Amino acid sequence: MEASPGAERPFVNPYLAIIIGVVAVSFSAIFTKLAEAPPLVIAFYRLAFTVLLITPFALNRAGRRELKQTTGRELALAALAGLLLAAHFAVWISSLNYTTVASSTILVTMQPLFVVTGAYLFLKEGLTARALIGAGLALTGSVLIGINDFQMGGTALYGDLLAFSGALFVAGYVLIGRTLRARLPIATYTFVVFGTAAAALLLANLATSTPLYPYPQQTWAWFLALAVVPTILGHMVFNWSLRYVKAAVVSVSILGEPVGATTLAYFIFGEVPGLLQLAGGAVIATGLYVFITSVAGPRTVPAPAGARRT
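Quick caveat, the model's predicted, so the values are computed rather than measured. (Residues numbered from 1 in each chain as written. Predicted model: local features only at pLDDT ≥ 70, side-chain atom pairs only at ≥ 80, totals over all residues. Heavy atoms only, no water.)

(A) Spotlight on the packing of aromatic side chains. Following the criterion strictly, the structure yields 11 aromatic pairs and no others. Note on Tyr98 and Tyr158: the rings are 4.9 Å apart at their centroids and 80° apart in plane angle, and the pair reads as edge-to-face. In this pair, Tyr98 is assigned in the loop between helix H5 (72–95) and helix H6 (101–108) and Tyr158 in helix H9 (residues 154–180), connecting sequence segments 60 residues apart. Given a relative accessible area of 34%, Tyr98 falls into the partly exposed group. Taken together, Phe44, Tyr45, Phe49, Tyr215, Trp220 and Phe223 form an aromatic cluster joined through their ring pairs. (Phe/Tyr/Trp six-rings, centres within 6.5 Å; stacked < 30°, edge-to-face > 60°. Helix = DSSP H or I, 4+ residues; strand = E, 2+ residues; numbered from the N terminus. Buried < 20%, exposed > 50% of the residue type's maximum accessible area, 1.4 Å probe, protein only.)

(B) Local environment of a positive patch on the surface. A cluster of basic residues, Arg61, Arg64, Arg65 and Lys68, forms a positive patch on the protein surface. Relative to the assigned elements, Arg64 resides in helix H4 (residues 61–69). What makes Arg64 partly exposed here is its relative accessible area of 43%. (Patch = residues over 30% accessible without salt bridge, like charges linked within 9 Å, V, L, I, M, F, W, Y side chains within 5 Å. Areas by Shrake-Rupley, 256 points an atom, 1.4 Å probe, with all protein chains shown as cover. Salt bridge = Lys/Arg side-chain N within 4 Å of Asp/Glu carboxyl O. Lys, Arg positive; Asp, Glu negative; His and termini not counted. Charge placed at Lys NZ, Arg CZ, Asp CG, Glu CD.)

(C) View of the packing of H4 against helix H10 (residues 186–207). Where H4 meets H10, the closest approach of the two axes is 9 Å, and the angle between their N-to-C directions is 70°. Between H4 and H10, the angle is such that the two are roughly perpendicular. As H4 packs across H10, the resulting crossing turns out to be right-handed. On H10, the residues that touch Gly63, Glu66 and Leu67 of H4 are Thr188, Phe191 and Val192. Across the contact of H4 with H10, the residue classes tally to three nonpolar, two polar and one charged. (Axes fitted to C-alpha atoms, helices over the stretch in contact; angles between N-to-C directions. Parallel < 35°, antiparallel > 145°, perpendicular 65-115°, else oblique. Left-handed = near helix turned anticlockwise from the far one by under 90°. Contact = heavy atoms within 4.5 Å. Nonpolar A, V, L, I, M, F, W, Y, C, P; charged D, E, K, R; others polar.)

(D) Looking closely at the environment of Ser26. Checked against the element boundaries, Ser26 lands in the loop between helix H1 (14–25) and helix H2 (28–34). The sequence separation of Ser26 and Pro230 amounts to 204 residues, and the corresponding C-alpha distance is 7.2 Å. Those residues within four positions of Ser26 in sequence are excluded, and the remaining contacts are Gly256, Glu257, Gly260, Ala261 and Leu264.

(E) Representation of H10 within the structure. The end-to-end C-alpha separation of H10 is 31 Å, in line with the 32 Å expected for 22 residues at 1.5 Å each. Just beyond H10, the residue with positive phi is Ser209, at close to 55°. (Expected span 1.5 Å × (residues − 1).)

(F) Just the environment of Tyr215, in detail. As for its position among the elements, Tyr215 is in the loop between H10 and helix H11 (217–241). C-alpha of Tyr215 to C-alpha of Ala35: the two residues are 180 residues apart in sequence and 9.1 Å apart in space. Among residues more than four places away in sequence, those in contact with Tyr215 are Glu36, Ala37, Pro38, Val41 and Trp220. In this structure the side chain of Tyr215 is engaged in a polar contact, spanning 2.4 Å, whose partner is the backbone oxygen of Pro211. (Polar contact = N/O pair within 3.5 Å; in protein donor to acceptor, adjacent residues only side chain to side chain.)

(G) Highlighting the pattern of salt bridges. Summed over all chains, the structure comprises two salt bridges. We note a salt bridge from Arg183 to Glu74, for which the minimum N-O separation is 3.1 Å. You can see Arg183 sitting in the loop between H9 and H10 and its partner Glu74 sitting in helix H5, a full 109 residues away along the chain. Comparing Arg183 with Glu74 shows no difference in burial state: the two are buried. Residue Glu125 is joined to Arg178 by a salt bridge in which the shortest nitrogen-to-oxygen separation is 2.6 Å.

Laid out in structure tokens, this is it:
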């Protein structure tokens, strides 16, 4: 019988992996803005290309064996995570058509509020006072980055509401991932999650009669870039890390995304950050340092005896 996941050590420091993931997802809003296609189409091709790229790893001999060993309950939960991820991408990408990169990114990254609460209630993952202070600082910095862009009316408010709903959906996705990654290998888990999300978004496009083609050649390159950088190097890395660290660690660390996205938006779109945004970046960096140093040390979720190794 294979070793329990609890006995496995990560081959890469999960905190380093999370940093790489944060840098990668910072490109998400940028590539999305550059793609000349409807939001649902962008979301679908982002996931569809991702599934194509990871299929050789998920369906090799070992991957097929792992899929056969996956229980119906595990598959159902992974599929639910996929539906939540599809909803997250659909509403968040749509929000970028109505509000700025800064506002959209800050609101969607409010998800730690829901992840920390859910992890405490359902996964019994508590945090120290110092960790909560760090998380609070990071959230405060995120608010400072986006506060100048909040508008209480018009299309900006609609975009802000879409982005905030995206935070709710992604929180559920992270919590399910924290639970299932104790038992499922990363290739198996992400294949089911991303595959379900892609299928759901395909149906959404068909239901709304949104054309899946043609689009400019450059836009197809942005679709592929979205799959490789923020999805595989971002979301997939976060899912891998959930095997070793608390859900709150991944969730709060993602608060670094507004800093990266705002910086990239300045160079690419000319969206000049104000003093509050610069101050917010400094506060986020401080909060993340306080938070991560207070929870340092890889952890694993206890898994049932005989659980499969990831």
